[in-house]
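Observations on the three-dimensional arrangement
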Amino acid sequence: MSSKKADPQVTIDLMERADLPEILAIERESFSSPWTPGMFAEELENKLAQCLVIRIISEGKSVIVAYIIFRLIADEAHLHNLAVKKEFKRQGLAQSLMETMKDIVMQVGICARTLEVRESNKEAISLYRKCGFVVKGRRPLYYTDTHEDALIMWADK
Ligand SMILES: CC(C)(COP(=O)(O)OP(=O)(O)OC[C@H]1O[C@@H](n2cnc3c(N)ncnc32)[C@H](O)[C@@H]1OP(=O)(O)O)[C@@H](O)C(=O)NCCC(=O)NCCS
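To keep things clear, this report deals only with the structure shown in the data block. (Residues numbered from 1 in each chain as written. Predicted model: local features only at pLDDT ≥ 70, side-chain atom pairs only at ≥ 80, totals over all residues.)

**With respect to the overall build of the protein chain**
Helix and strand counts for the protein chain come out as 4 helices and 7 strands. The C-alpha atoms of the protein chain give 16 Å as radius of gyration, which agrees with the globular expectation for 157 residues (15 Å, within 12%). Counting all 157 residues of the protein chain, 22% fall into the buried class. Pairs at least 24 apart in sequence give 55% of the contacts found in the protein chain among residues at least 6 apart. (Helix = DSSP H or I, 4+ residues; strand = E, 2+ residues; numbered from the N terminus. Rg over C-alpha atoms; globule rule 2.2 N^0.38 Å. Buried ≥ 20, exposed ≤ 12 C-beta atoms within 10 Å, placed from the backbone. Contact = placed C-beta atoms within 7 Å.)

Spelled out as C-alpha cells, the structure:
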C-alpha cells in the first residue's frame, strides 16, 4: 500500500468571524500597532469591504496563512490590511492576494487602486512596486507610534 501524502491544498476564501483568532495572531506578529478585534469586525460588517484569507489544508488540518482587506469606494479600491504568517513569507502569497484584489476590482470596473505604507517598510514597498504601484504622495508623520511618514501609492492598470 502506498503511504504517499496528499499535497497541501491552498485556497483563497472569504474571511469569517471564526477566523479572527488565527488572523489576530498573524496581525500581532506583523505590526507594531496591530488592529484590534473590533477593527476586523467592523471590516467584516462593512458592505464596501472585501476580506479574504489564504488557507492551507493539509492532512485534514486547515491553517490561515495570509489575509487581505480592501474597500471599494466609488471608483477606487483602497487597501486596508495585508499580512502573511511569518513561516509562510516569501512564497508568493501576498502577491497572489494582490492579484486577486486586482481581479475583483477590475470585475466591477475599477482600475485605480491605492494604499498607504510606512516609509521604512521596505518589503511591502518592494511587493507593491512589483504589483505595479508607484509612489504618488506622502503623509508627513502619519504614524503616531513612530512619527513616520506614510507613502501613498497608486496603481491604475
Ligand atoms: C510585506 C508582506 C505582506 C509580503 O508578503 P510575502 O508573502 O512574503 O510576499 P511575496 O512572497 O508575495 O513577495 C512578492 C514580492 O514582494 C517583494 N518582497 C517580499 N518580501 C520581501 C523582502 N523581505 N525583501 C525584499 N522584497 C520583498 C519581492 O519583490 C517579492 O518578489 P520575489 O520573491 O520574486 O523577489 C509580508 O512581509 C508581511 O506580512 N509583512 C508584515 C505586514 C506588512 O508589512 N504588511 C503590509 C502593510 S502596508
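**Re the site of the ligand**
Close to the ligand lie 18 residues, the nearest being Lys89, Ala94, Gln95, Glu123 and Leu127. Only strand 4 (76-84), helix 3 (93-107) and helix 4 (122-130) provide two or more residues apiece to the shell around the ligand. For the shell around the ligand, a count of residues per class yields 8 nonpolar, 6 polar and 4 charged. (Near = placed C-beta within 6 Å. Nonpolar A, V, L, I, M, F, W, Y, C, P; charged D, E, K, R; others polar.)

**What to know about the sheet that holds strand 1 (residues 9-14)**
Pairing is mixed in the open sheet, where 7 strands are placed in the order 1-2-3-4-5-7-6. Bordering the open sheet on either side are strand 1 and strand 6 (134-143), each of which pairs with just one other strand. When strand polarity is set aside, the average angle formed by the axes of neighbouring strands in this sheet is 25°. Contacts between helix 1 (residues 20-30) and the sheet are confined to strand 3 (61-73) and strand 4, with strand 3 contributing the most and set at about 75° to the helix. Strands strand 5 (112-118) and strand 7 (148-155) of the sheet are contacted by helix 4, whose axis makes an angle of about 165° with strand 5. (Pairing = 2+ DSSP bridges. Axes fitted to C-alpha atoms, helices over the stretch in contact; angles between N-to-C directions.)

**Some details on the nonpolar core**
Counting residues in hydrophobic clusters, the biggest one holds 31 residues, and the most contacted among them are Ala66, Tyr67, Ile68, Leu93, Ala94 and Leu97. Counting residues per element, the ones that place at least two in this core are helix 1, strand 2 (49-58), strand 3, strand 4, helix 3, strand 5 and strand 7. (Core = buried A, V, L, I, M, F, W, Y, C linked by C-beta atoms within 7 Å.)

**Concerning the environment of Gln95**
Topologically, Gln95 is positioned in helix 3. Taking the C-alpha atoms as reference points, Gln95 and Lys130, separated by 35 residues in sequence, lie 8.4 Å from one another. The residues contacting Gln95, other than those within four sequence positions of it, are Leu127, Lys130 and Cys131.

**Describing the pairing of strand 6**
By the criterion of burial, strand 6 is predominantly exposed, with just 0 of the 10 residues buried. As judged from the 6 bridges shared by strand 6 and strand 7, these two strands associate in the antiparallel manner. By the bridge assignment for strand 7, Gly137 is matched with Ile152. Adjacent in sequence and paired antiparallel, strand 6 and strand 7 are bridged by 4 residues, among which His147 carries a positive phi angle near 55°.

**Some points on the environment of Ser96**
For Ser96, the position within the fold is in helix 3. Note: C-alpha distance between Ser96 and Ile152 (56 residues apart in sequence) is 21 Å.

**Quick look at the pairing of strand 3**
With 10 bridges joining them, strand 2 and strand 3 adopt antiparallel strand pairing. Among the inter-strand pairings, Leu52 is bridged to a residue of strand 3, identified as Ile68. Two successive antiparallel strands, strand 2 and strand 3, enclose a turn made up of 2 residues, where Glu59 displays a positive phi of approximately 50°. Taking the residues that link successive antiparallel strands as the turn, the strand 3-strand 4 hairpin has 2 residues, and the phi of Ala74 there is positive, at about 50°.

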